[in-house]
Amino acid sequence: GKYYLAQNLYVTARKHFEEITGDSPFAVESSYLAARCILLSGEYEMAAEAFGIIVDRYKNLESEKIKGVWEKFYNWSKLGLADALLESGDYNRAKPLYKRFLEPEHESNLAAPALLGLAELSEKQKDWTESEKYLDTYNDRYGVDEAYIAEEQAIDTVESIPPDYPAKPPVSLAARRY
């Protein structure tokens, strides 16, 4: 499945990931990767459902049991759920999921994509100030995003920019680094 995922053949990759049964040691990872393929295919409601199943399945496990690999895919699934909800327009459910990764006790390597998700969410709600706040926090912590610079340079070449367009270009799902 990973070979097909790397080739952007999401439907084929997803079929391979879904063939792995729940008793396999790779079940958690394959469930996550299948849900990720659904998200990347643009089926956002279905992706939210798939990520939600993973989160629900593993949220009640004892903390010792989800440490390590399971915890990693559990948290990535929560981020995937937030991304799917964002893309499907369910901002009220996506926002708290992203914000949780910014809390000191939950902050992890997923704080960076969570900040970008919050910036994109705020932008979709036309809250340019809030979007800029999250982008500035991201840039302060992790450096300036090259995708942002490329978009900014592209905008400089545009002759007419809509009056409500933000000072900073949109953050795209593809620009996230996870």
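Please read these numbers as outputs of a predicted model, since none were measured by experiment.

1. Re the packing of aromatic side chains
Part 1: All chains considered together, the criterion is met by six aromatic pairs.
Part 2: An angle of 50 degrees between the planes, with centres 6.0 Å apart, marks the rings of Tyr32 and Phe51 as tilted. Taken together, the positions of Tyr32 in helix α3 (residues 27-40) and Phe51 in helix α4 (residues 44-59) put the pair 19 residues apart, joining distant regions of the chain. Each member of the pair, Tyr32 as well as Phe51, is classed as buried.
Part 3: Ring centres 5.4 Å apart and planes at 90 degrees place the aromatic pair Phe73 and Trp76 in the edge-to-face group.

2. So, α4
Part 1: For α4, spanning 16 residues, the distance from its first C-alpha to its last is 22 Å, which sits close to the expected 22 Å at 1.5 Å a residue.
Part 2: Within α4 the residues assigned to the buried category are Ala47, Ala48, Ala50, Phe51, Gly52, Ile54, Val55 and Tyr58.

3. Section: the pattern of salt bridges
Part 1: For the structure on display, the rule yields seven salt bridges.
Part 2: Where Glu29 meets Lys2, a salt bridge forms, and the shortest distance between an N and an O atom there is 2.7 Å. Separated by 27 residues along the polypeptide, Glu29 in helix α3 and Lys2 in helix α1 (residues 2-6) bring together distant segments of the chain.
Part 3: Counted as one network, the salt bridges with shared partners bring together Arg14, Glu18 and Glu43.

4. Side note on unusual backbone geometry
Part 1: Positive phi, normally seen in glycine, also occurs at Asn8, with a value near 60 degrees.
Part 2: Summarising the element assignment, Asn8 is placed in the loop between α1 and α2 (10-18).
Part 3: Even without being a glycine, Lys126 presents a positive backbone phi close to 60 degrees.
Part 4: Its location among the elements puts Lys126 in the loop between α7 (111-124) and α8 (128-142).
Part 5: Judged by its relative accessible area of 54%, Lys126 is exposed.

5. Description of the confidence of the model for the protein chain
Part 1: Taken as a whole, the protein chain shows an average pLDDT of 81; of its residues, 75% reach a score of 70 or greater.
Part 2: At the level of individual helices and strands, the protein chain shows its lowest average pLDDT in helix α9 (residues 146-156), which scores 61, and its highest in helix α6 (residues 91-100), which scores 96.
Part 3: Contacts for the low-pLDDT stretch residues 158-163, under 50 throughout, to residues beyond four places or in other chains number one contact.

6. Regarding the environment of Arg141
Part 1: When you line up the elements, Arg141 lands in helix α8.
Part 2: By relative accessible area, which is 41% here, Arg141 ends up partly exposed.
Part 3: When the C-alpha positions of Arg141 and Ala112 are compared, they lie 8.3 Å apart, and in sequence the two are 29 residues distant.

7. Some remarks on the packing of α7 against α8
Part 1: α8 packs onto α7 with a crossing angle of 160 degrees between their chain directions and a minimal axis gap of 7 Å. By the angle between their axes, α7 is roughly antiparallel relative to α8. At the point where α7 passes α8, the crossing takes the left-handed sense. Residues Ala111, Ala112, Leu115, Leu116, Leu118, Ala119, Ser122 and Glu123 of α7 touch α8, and the partners they reach there are Trp128, Glu130, Ser131, Tyr134, Leu135, Thr137, Tyr138, Arg141 and Tyr142.
Part 2: When the residues that make up the contact of α7 with α8 are grouped by side-chain class, the tally is 11 nonpolar, three polar and three charged.

Thresholds applied
- Residues numbered from 1 in each chain as written.
- Predicted model: local features only at pLDDT ≥ 70, side-chain atom pairs only at ≥ 80, totals over all residues.
- Heavy atoms only, no water.
- Phe/Tyr/Trp six-rings, centres within 6.5 Å; stacked < 30°, edge-to-face > 60°.
- Helix = DSSP H or I, 4+ residues; strand = E, 2+ residues; numbered from the N terminus.
- Buried < 20%, exposed > 50% of the residue type's maximum accessible area, 1.4 Å probe, protein only.
- Expected span 1.5 Å × (residues − 1).
- Salt bridge = Lys/Arg side-chain N within 4 Å of Asp/Glu carboxyl O.
- pLDDT = per-residue confidence, 0-100.
- Contact = heavy atoms within 4.5 Å.
- Axes fitted to C-alpha atoms, helices over the stretch in contact; angles between N-to-C directions.
- Parallel < 35°, antiparallel > 145°, perpendicular 65-115°, else oblique.
- Left-handed = near helix turned anticlockwise from the far one by under 90°.
- Nonpolar A, V, L, I, M, F, W, Y, C, P; charged D, E, K, R; others polar.

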